[in-house]
There are 2 protein chains.
Amino acid sequence: MSRVSAEKPRRTRADQRRETEARILAAARATFAELGYERTTIRGVASAAGVNAGLVMHYFGSKEELFSRAARLPEDDLPAGHPAEALLTSLRRRLDDEPVASLVVLRSVLTHAEASGEFRVAAAAWLDRIGAAVPAGDAALRAGLISSIITGVVIERHLLKLSAVADASADDIVALMRPVFESLAGEGRGTG
Amino acid sequence: MSRVSAEKPRRTRADQRRETEARILAAARATFAELGYERTTIRGVASAAGVNAGLVMHYFGSKEELFSRAARLPEDDLPAGHPAEALLTSLRRRLDDEPVASLVVLRSVLTHAEASGEFRVAAAAWLDRIGAAVPAGDAALRAGLISSIITGVVIERHLLKLSAVADASADDIVALMRPVFESLAGEGRGTG
DNA sequence: GTCTATACGTCGATAGAC
DNA sequence: GTCTATCGACGTATAGAC
């Protein structure tokens, strides 16, 4: 008798958990990005997610694990085609798009985890992809400089906001950065 | 009679304080640079300086004041001459020289003080100096990009260390960065 | 599944002994 | 001038009630 009505709502145990977990993760991402690792508190994340602090611990076990889950980046892609233009496309997206997930890493990798192994693996893959698109013999150094430059511009625009880079249009920035990438990515190629 | 011998050691009150204070400041700079603001503790700084935690408070009053003193940069200079070459000289120094003081700011400004007013003032002056060396009408944006690029490369070399930029020779980096600065600083000028 | 209560450590800062 | 002792607040993490 009572079992019939109890079985009706099938998405209440395994699925409500997913929903709550996703809400916590979103709140964690936003908080880590805004405050960095140390200043982010479990209580703050729980409050932002509308749940209790104990529940966050119940789901993720520790603050470290919560950060690791929040900082997991979806994918770093580099469009095919002319190397310089591909890099400019990647830069433009990071100038405009909501960079919440990226900012979690950018900010927290500097404050917290020099041992954030997961991030370093992703970064290495990203560097390889750039290096593969760069023809010269010192591809590794060129790729490293390109990555550093992109990181610097993104940090300035979204975190530091010290200069005109913070408010300028993406078009203007991309236009000024084109010769930069053409030079570093090997301007003598990439026309076919 | 007793006054004669008592006046002999003249550098014991006002000068030993300076020495201890300098030792604390050096320890604070190193610790802030290594750990960032939040993870740095008064106790840790005191221990590294070989003194007691209470003494650090006695001298500096608060952790915030200690950080402010430790993060005070000596000066940001931009050599005169061709804009691009001046920027390269500045970059080279930051690639090689002991960047302790700079790293305090670089790391901590990202983890702690979006309101670190003192640093923002210094950064504005630095941007003005770059902008003055850049002829184009969009000098502010160009100066911002140049500063962002330098910051990105310095962060990668000294803090992140994810790529070949960390280990490459300053010569190789400067050589690859020359066309970058020539492009952004207005390559059509600065030949005379 | 969600929340309350709390144990346990560490922090910045203060007061006062030597 | 330097250090010891301690306060009050807040952090993560745990145990267990509902």
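Relevant structure appears above.
Residues numbered from 1 in each chain as written. Chains lettered and ligands numbered in written order. Predicted model: local features only at pLDDT ≥ 70, side-chain atom pairs only at ≥ 80, totals over all residues. Heavy atoms only, no water.

Caption draft 1: Expanded view of the overall build of chain A. Across its full length, chain A holds ten helices and zero strands. Scanning chain A from its N terminus toward the C terminus, one meets helices and strands in the order α-α-α-α-α-α-α-α-α-α. In chain A, which comprises 192 residues, the share counted as buried stands at 47%. For chain A, contacts bridging at least 24 residues in sequence account for 70% of all contacts bridging at least 6. A total accessible area of about 9800 Å² is found for chain A, and carbon and sulfur atoms account for 51% of it. (Helix = DSSP H or I, 4+ residues; strand = E, 2+ residues; numbered from the N terminus. Buried < 20%, exposed > 50% of the residue type's maximum accessible area, 1.4 Å probe, protein only. Contact = heavy atoms within 4.5 Å. Areas by Shrake-Rupley, 256 points an atom, 1.4 Å probe, with all protein chains shown as cover.)

Caption draft 2: Seen up close, the protein's contact with DNA strand D. Neighbouring DNA strand D are 16 residues, the closest being Ile42, Arg43 and Lys63 of chain A together with Asn52 and Tyr59 of chain B. Considering DNA strand D, the proportion of its atoms within 4 Å of the protein that are sugar or phosphate atoms stands at 71%. Within the backbone of Lys63 of chain A, one N or O atom sits 2.9 Å away from a phosphate oxygen of DNA strand D. One of the side-chain N or O atoms of Thr20 of chain B is found 3.4 Å from a phosphate oxygen in DNA strand D. For the surface near DNA strand D, the secondary structure elements donating two or more residues are helix 3 (42–49) of chain A together with helix 2 (14–39) and helix 4 (53–60) of chain B. (Near = heavy atom within 4 Å. Polar contact = N/O pair within 3.5 Å; in protein donor to acceptor, adjacent residues only side chain to side chain.)

Caption draft 3: Layout of the protein's contact with DNA strand C. Arg13, Asn52 and Tyr59 of chain A together with Arg43 and Lys63 of chain B are the nearest of the 16 residues found near DNA strand C. In DNA strand C, the atoms that sit within 4 Å of the protein are 66% sugar and phosphate, with bases accounting for the remainder. Side-chain polar atom of Thr20 of chain A to a phosphate oxygen of DNA strand C: 3.5 Å apart, as the coordinates give it. Contact between DNA strand C and Ile42 of chain B: a phosphate oxygen at 3.1 Å from a main-chain N or O atom of the residue. Of all elements in the fold, only helix 2 (14–39) and helix 4 (53–60) of chain A together with helix 3 (42–49) of chain B reach the threshold of two or more residues within the surface near DNA strand C.

Caption draft 4: Local environment of helix 7 (residues 100–111) of chain A. Residues and elements named next belong to chain A. In this model helix 7 runs 17 Å from its N-terminal to its C-terminal C-alpha over twelve residues, within 8% of the 16 Å that 1.5 Å per residue would give. Within helix 7, nine of the twelve residues are buried, leaving the element largely enclosed by the surrounding structure. Listed in full, the buried residues belonging to helix 7 are Leu103, Val104, Val105, Leu106, Arg107, Ser108, Val109, Leu110 and Thr111. (Expected span 1.5 Å × (residues − 1).)

Caption draft 5: Layout of the interface of chain A and chain B. With 42 residues of chain A at the contact, the number on the chain B side is 42 residues. Across the chain A to chain B interface the summed buried area is about 3500 Å²; carbon plus sulfur atoms make up 73%. Our count for the contact surface shared by chain A and chain B stands at two salt bridges. In this structure, Arg39 of chain A and Glu38 of chain B form a salt bridge, with 3.9 Å as the shortest nitrogen-oxygen distance. In this assembly, chain A and chain B are joined by four residue pairs in polar contact (both at pLDDT 80 or more). (Buried area = accessible area lost by both parts, 1.4 Å probe. Salt bridge = Lys/Arg side-chain N within 4 Å of Asp/Glu carboxyl O.)

Caption draft 6: Summary view of the relation of the copies chain A and chain B. Its rotation angle being 180 degrees, the transformation that places chain A on chain B also includes 0.0 Å of axial translation and leaves an RMSD of 0.1 Å. In symmetry terms, the pair is related by a two-fold rotation axis. Across chain A, the rotation axis passes nearest the C-alpha of Gly152 of chain A, at a separation of 1.8 Å. (Least-squares fit on C-alpha atoms with pLDDT ≥ 70 in both.)

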